[in-house]
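# Structural features, examined
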Amino acid sequence: MTIEGQTDRPPSPKRLALITGGALALATVLVVGFVLPAEFHADPTGFGRATGLLKLGTPQPPKAEVVAAGTTANTRYYPTAYRSDEVEIPLAAGGDENRKDELEYKVRMKPGDSMVYAWSVPVPNPEEFYYDFHGETPAAAGAPAKVVEYKQSTGTSSNGVLIAPIPGVHGWYLQNQSVKPVVVKLKMSGFYELVPPGQYGNEARIKAKPVS
Amino acid sequence: MTTPTRFGIAGAGLALMVAALAGPAFAHGIAGKDAAFVAASHGAQILPFIYLGAKHMVTGYDHLLFILGVVFFLYDLRHVALYVTMFSIGHSLTLLTGVLSNIQVNPYLVDAVIGLSVAYKAFDNLGGFRTVLGVQPDTRVAVLGFGLVHGFGLATKLQELRLSKDGLVANMVSFNVGVELGQLLVLSLILAAMVWWRRQPGFARQAVAANVLILFAGFLLMEYQLAGFFTQARLPA
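Residues numbered from 1 in each chain as written. Chains lettered and ligands numbered in written order. Predicted model: local features only at pLDDT ≥ 70, side-chain atom pairs only at ≥ 80, totals over all residues.

### Things to note about the pairing of strand β3 (residues 114-120) of chain A
Residues and elements named next belong to chain A. Selection rule: Here exposure depends only on C-beta density: within 10 Å of a residue's C-beta, 20 or more other C-beta atoms make it buried, 12 or fewer make it exposed, and intermediate numbers make it partly exposed, the C-beta atoms being placed from the backbone. Note on conventions: DSSP H or I runs of at least 4 residues are helices, E runs of at least 2 residues are strands, and numbering of each starts at the N terminus. Strands are labelled as partners when DSSP assigns at least two bridges between them.
Only one face of β3 is buried: it carries Met115, Tyr117 and Trp119, and the other face, with Ser114, Val116, Ala118 and Ser120, is open. In terms of strand pairing, β3 meets strand β6 (residues 157-163) through 7 bridges, oriented antiparallel. In the sheet register, Ala118 faces β6, and the bridge partner there is Asn159. Here β3 pairs with strand β8 (residues 182-190) via 6 bridges, running antiparallel. Bridge assignment links Tyr117 to a residue of β8, and that residue is Met188.

Here it is in structure tokens:
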């Protein structure tokens, strides 16, 4: 069965060679001169750079899409300087006669100020270390003190961020219940002020080491 | 009629036919929201996948040119049906087995072979094989072979979209049915245009010029994809 359909006027061999060669050559010229620089960022002839075609083939970073405007829920701006501190807080063994096994360490913050922190203590049993993370506005003339509880728990480490809800001092009551003296290592960064040793919030006279 | 005029008429006719059918898409990826749809699909989505298959066929320049080349000198509808069946068997086989057995072929290479198929058929239409080799290769075998390659290309592209296992076979079959429907749609439009064209005076001469242009377009498509194949490593994924 012959069902092939070709032209009944086939070009002569010489003409066919010319047609095929010409088509192949023209396609090559277009691909090398135009397609390579414009589509694939390759420019073997320099024609793409000279004509600007190469710019078409330069990969562009994807454009971002704005899905929402920033709000105070996720962005805050502060006039105060950013700071970072490392603090070592020694605690005596649990049941210490002079009650050196517990203390409070806090920093001063205005409402909306934020502080990122991480602390840990090398107590083997997490049940034997207690902390109470809270903030308070000291009592003033005619007004009682205000306290906001953040977290009361046992455990040997905590990482987080605090955005102060009230003015005053914010930080931790720490209590060692293990049989050995320990040192709590606390790191803080953000927008807060240290409480000078001896003043309200740092009666234990802990000295922080600013990190530059 | 002068040679430039002949090329002009043939070229305008080809361009009209391709432009009317092809829309803005180039070659045959599955892109944008269609890709998002495929990736998000779970379970059988019969009609959407039929639509995607048909769209893929109707908007691919390379397929349009290949179909045009195949039917260019076929005057008997039974012959048209035979070739289309060979092509369909070829790409159905590899599309289904490719996806089901996770075979992936470099899409640039597959598209380069599809471009080559366009040039092959145009060269064949010009009587090139008989002129050069003295024998006429069996076009049915060639069409079946190119159909197989096409199916692999499709299978690779569908797998890149991470098809859900859920409803995979139903969706694959739907897609393939869509490819056939799209092919029939394109084919009927091309045949209608060809029937009209053949009745015009000077068709025989314009036909040679048209196949020279198809030959050129096939080489262009092939080299375009080869350029992609040899440079793709330089582009960020």
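### Considerations on the interface of chain B and chain A
When the parts of a complex come together, some accessible area is lost, and that lost area is often taken as the interface size. The condition is simple: Throughout, a pair of residues is in contact if the C-beta atoms placed from their backbones lie within 7 Å. Nonpolar residues are Ala, Val, Leu, Ile, Met, Phe, Trp, Tyr, Cys and Pro. Charged residues are Asp, Glu, Lys and Arg, and all others, Gly as well, are polar.
Counting residues at the interface gives 32 residues for chain B and 26 residues for chain A. Those elements that provide at least two residues to the side of chain B that touches chain A are α5 (77-100), α6 (107-125), α7 (128-133) and α10 (203-231) of chain B. Split into classes, the residues belonging to the side of chain B that touches chain A amount to 18 nonpolar, 10 polar and 4 charged.

### As for the environment of Glu86(A)
Residues and elements named next belong to chain A. Its location among the elements puts Glu86 in strand β1 (residues 83-91). Expressed as a C-alpha distance, the spacing of Glu86 and Lys209, which sit 123 residues apart in the sequence, is 5.1 Å. Discounting chain neighbours no more than four positions away, the residues touching Glu86 are Lys187, Lys209 and Val211.

### Regarding the nonpolar core
Counted only if it meets this: Nonpolar cores are identified as sets of buried Ala, Val, Leu, Ile, Met, Phe, Trp, Tyr and Cys residues joined via C-beta atoms within 7 Å.
The biggest cluster of nonpolar side chains holds 67 residues, and the ones touching the most others in it are Ile67(B), Val71(B) and Leu215(B). Of all the secondary structure elements, the ones that give two or more residues to this core are α1 (13-40) of chain A together with α3 (46-58), α4 (61-71), α5, α6, α8 (139-160), α9 (168-199) and α10 of chain B. Once you skip the residues sitting within four places of it in the chain, Leu215(B) turns out to touch Ile19(A), Thr20(A), Ala23(A), Ala119(B), Ala122(B) and Phe123(B). If you look at the next biggest cluster of nonpolar residues, it comprises 27 residues, including Val87(A), Leu103(A), Phe133(A) and Val169(A).

None of this, on its own, says anything about what the molecule does.
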